[in-house]
Amino acid sequence: AQSVTQPDIHITVSEGASLELRCNYSYGATPYLFWYVQSPGQGLQLLLKYFSGDTLVQGIKGFEAEFKRSQSSFNLRKPSVHWSDAAEYFCAVCTTSGTYKYIFGTGTRLKVLA
Amino acid sequence: EAGVTQFPSHSVIEKGQTVTLRCDPISGHDNLYWYRRVMGKEIKFLLHFVKESKQDESGMPNNRFLAERTGGTYSTLKVQPAELEDSGVYFCASSPDRTGPGTQYFGPGTRLLVL
């Protein structure tokens, strides 16, 4: 079955520390992968996406993600976290059979300590 | 360019009542999606419109949910009668792409609480 797993429900890091949010997917075909962020009171904003090509993808706000097919992973990273990065982060895969709909992970809520 | 808008932002209703959620996609986007997030769970797909036609409604929970997209523009999602388990955040998204898995642009969501 198609699924996305985000193992960490909550993560707390200090401002300035590095960050890695984990995402594993289960999908038979070529995965189209996304990371979205939802800040309080806001909608989901696209951080980055992977369709093909270079497996290291750069996104907005200094985020990057690396696609590793052998590990079925698409982890999100940031070298130095800012207090404004506190939000909930969602990993998603887009299905390609039938309609193009997203399958989301359960989300990871990031807390940043000053 | 205006983003996806949703109305209302919050709705509190009693069990058995009717609620209608509205979504205005980005102008020119043929694809419109509804998703729902029940507390503590993942965001789940409900249905997909291409213009005014329902392309996929496999995620609709039951026949208490009715979605429409008038003239291929805005969409409404009606819940009638509402049950306690319908509480959650309802997201709308739109996308211009018709030939591939393009980026979906999400609205802020409608937070529905059924008491």
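Residues numbered from 1 in each chain as written. Chains lettered and ligands numbered in written order. Predicted model: local features only at pLDDT ≥ 70, side-chain atom pairs only at ≥ 80, totals over all residues. Heavy atoms only, no water.

Draft legend 1. Layout of the overall build of chain B. Each helix and strand in chain B was counted, giving zero helices and 11 strands. Helices and strands appear in chain B in the N-to-C order β-β-β-β-β-β-β-β-β-β-β. Its C-alpha atoms give chain B a radius of gyration of 13 Å, near enough to 13 Å, the size a compact globule of 115 residues would have. Referenced to the eigenvectors of the C-alpha coordinate spread, the extents of chain B come out at roughly 40 × 25 × 25 Å. Counting contacts in chain B only where the partners sit at least 6 residues apart, residues at least 24 apart contribute 52% of the total. When the accessible surface of chain B is summed, it comes to about 5,700 Å², and 49% of that surface belongs to carbon and sulfur atoms. (Helix = DSSP H or I, 4+ residues; strand = E, 2+ residues; numbered from the N terminus. Rg over C-alpha atoms; globule rule 2.2 N^0.38 Å. Contact = heavy atoms within 4.5 Å. Areas by Shrake-Rupley, 256 points an atom, 1.4 Å probe, with all protein chains shown as cover.)

Draft legend 2. Representation of the packing of aromatic side chains. Applying the stated criterion across every chain, the model contains 21 aromatic pairs over all chains. Taking 6.1 Å as the distance between ring centres and 40 degrees as the angle between the ring planes, the aromatic pair formed by Tyr 102 of chain A and Phe 106 of chain B counts as tilted. Of this pair, Tyr 102 of chain A sits in strand S11 (residues 102-104) while Phe 106 of chain B sits in strand S10 (residues 105-106), each in a different chain. On the basis of relative accessible area, Tyr 102 of chain A is assigned to the buried category, the value being 1%. A relative accessible area of 9% means that Phe 106 of chain B is categorised as buried. An aromatic cluster is defined as three or more aromatic residues linked by ring pairs; in this entry it consists of Tyr 32, Phe 34, Tyr 36, Phe 51, Phe 90, Tyr 102 and Phe 104 of chain A together with Tyr 33, Tyr 35, Phe 45 and Phe 106 of chain B. Its end group placed over the ring of Tyr 74 of chain B, Arg 22 of chain B keeps NZ or CZ at 3.8 Å from the ring centre. (Phe/Tyr/Trp six-rings, centres within 6.5 Å; stacked < 30°, edge-to-face > 60°. Buried < 20%, exposed > 50% of the residue type's maximum accessible area, 1.4 Å probe, protein only. Lys NZ or Arg CZ within 6 Å of the ring centre and 35° of its normal.)

Draft legend 3. Seen up close, the state of the cysteines. Scanning the entire structure with this criterion turns up two disulfides over all chains. What pairs with Cys 23 of chain A in a disulfide is Cys 91 of chain A, and their sulfur atoms sit 1.9 Å apart. Negative torsions about the S-S bond denote left-handed disulfides, and the value of about -65 degrees found for Cys 23 of chain A with Cys 91 of chain A makes this one left-handed. Of this pair, Cys 23 of chain A sits in the loop between strand S3 (19-21) and strand S4 (24-26) while Cys 91 of chain A is found in strand S10 (residues 87-94), placing the two residues 68 residues apart along the sequence. Here Cys 23 of chain B pairs with Cys 92 of chain B through a disulfide, and the sulfurs are 1.8 Å apart. Taking the torsion about the S-S bond as the criterion, the Cys 23 of chain B to Cys 92 of chain B disulfide, at about -60 degrees, is left-handed. (Disulfide = S-S within 2.5 Å.)

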